[in-house]
Amino acid sequence: MAEELNLLILNELRRLTVAVERLAGPAPAQNDWDAADCFVWVPPRSHLQPVPRPNRVALSLIRGVDHVRDILHENTLRFAEGFPANNVLLWGARGMGKSSLVKAVHADVKEATGISLKLVEVHREDISSLPVLLEMMKAAPHRVIVFCDDLSFDHDDTAYKSLKAALDGGIEGRPDNVLFYATSNRRHLLPRHMMENEQSTAINPSEAVEEKVSLSDRFGLWLGFHKCSQDDYLTMIDGYAEHFRLPLDRETLHAEALEWATTRGGRSGRVAWQYIQDLAGRLRITMERG
């Protein structure tokens, strides 16, 4: 009888243990900074998921944005070498290589200097977990760029407050080994019509949107990306074709590329890349993005 009672108690304890573990959520992961150069932040387990083969192109293949490329490269180089650098907001036209430039510059600076520079991508929906990530990174033996791609906030979205606090660093200050890069189609990270609506209905219009507009001000550098001209578009096409050794004469290449852009409703770096992918597929040529 005593043995049966002990068995019942043991089973009940096991059941309670399982229930408590479920309530507590998954256990924190063991993070290994040496596992890769690029990571994706996974908040539920406070895990930095290594990305062994990042989706990126070589810096030399990014054309038509030379001025902002040089500014971003210099800022990243200073940070990697331990000198003062600014948080950066890359904003503007879709498909003009904002996120590609961040990843390419990171790779180029790391390779050129040999410095252990890490890139951690934080998804838009995980912005609120930035304080936890910052706490982890300040003790890291590496310099880290936190990358938020396609960043924007909608009406009544309060996640921007976590980003603002992270950019400012609060009373403790942003860790010296951490820098923020973000891309967005919006310079102020909030739809203009929403800003105007808030302004028109507020008692104090200037203060109504100040908090949200000021988020962009936390980025020391604003790098604008604009729609590319036909010459810039064809320069991108020529660069890709040369790099991947696509055997098509220049006249035919340009004619096809312009027709492709017309069917897509505009010219951009993304459209150029999509045409090159289509061309390489038709020619049965494999492509390594680097």
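Below: a short report on this structure. Values in this document were obtained by computation on a predicted structure and should not be read as measured data.

Calculation criteria
- Residues numbered from 1 in each chain as written.
- Predicted model: local features only at pLDDT ≥ 70, side-chain atom pairs only at ≥ 80, totals over all residues.
- Heavy atoms only, no water.
- Pairing = 2+ DSSP bridges.
- Helix = DSSP H or I, 4+ residues; strand = E, 2+ residues; numbered from the N terminus.
- Axes fitted to C-alpha atoms, helices over the stretch in contact; angles between N-to-C directions.
- Contact = heavy atoms within 4.5 Å.
- Left-handed = near helix turned anticlockwise from the far one by under 90°.
- Nonpolar A, V, L, I, M, F, W, Y, C, P; charged D, E, K, R; others polar.

We now examine the sheet that holds strand β6 (residues 178-184). Spatially, β2-β1-β4-β5-β6-β3-β7 is the arrangement adopted by the seven strands of the open sheet, whose pairing is mixed. The sheet terminates laterally at β2 (47-50) and β7 (221-225), the two strands that pair on one side only. Put simply, the sheet's adjacent strands are angled 25 degrees from each other on average, direction ignored. Bridge analysis of strand β1 (residues 38-42) against strand β4 (residues 117-121) gives three bridges, and the strand direction is parallel. What sits directly across from F39, in β4, is V120. The sheet contacts of helix α3 (residues 98-113) involve β1, β3 (88-92), β4, β5 (143-148), β6 and β7, and relative to β4 the element is tilted by about 155 degrees. Sheet strands in contact with helix α4 (residues 130-137) are β1, β2, β4, β5 and β6, and its direction is about 145 degrees off that of β6.

For any two helices packed against each other, the geometry comes down to the angle between their axes and how far apart the axes lie. Here helix α9 (residues 230-243) crosses helix α11 (residues 269-282) at 40 degrees, and the two axes come no closer than 9 Å. Both α9 and α11 take part in a crossing whose hand is right-handed. Side by side, α9 and α11 meet where Y233, M236, I237, Y240 and A241 of the first sit next to G269, V271, A272, W273, Y275 and I276 of the second. Class assignment of the residues belonging to the contact of α9 with α11 gives a composition of 10 nonpolar, one polar and no charged.

To continue, consider the environment of P43. Structurally, P43 is set in the loop between β1 and β2. When the C-alpha positions of P43 and V132 are compared, they lie 8.3 Å apart, and in sequence the two are 89 residues distant. Not counting residues within four places of it along the chain, the set of residues in contact with P43 comprises D126 and S129.

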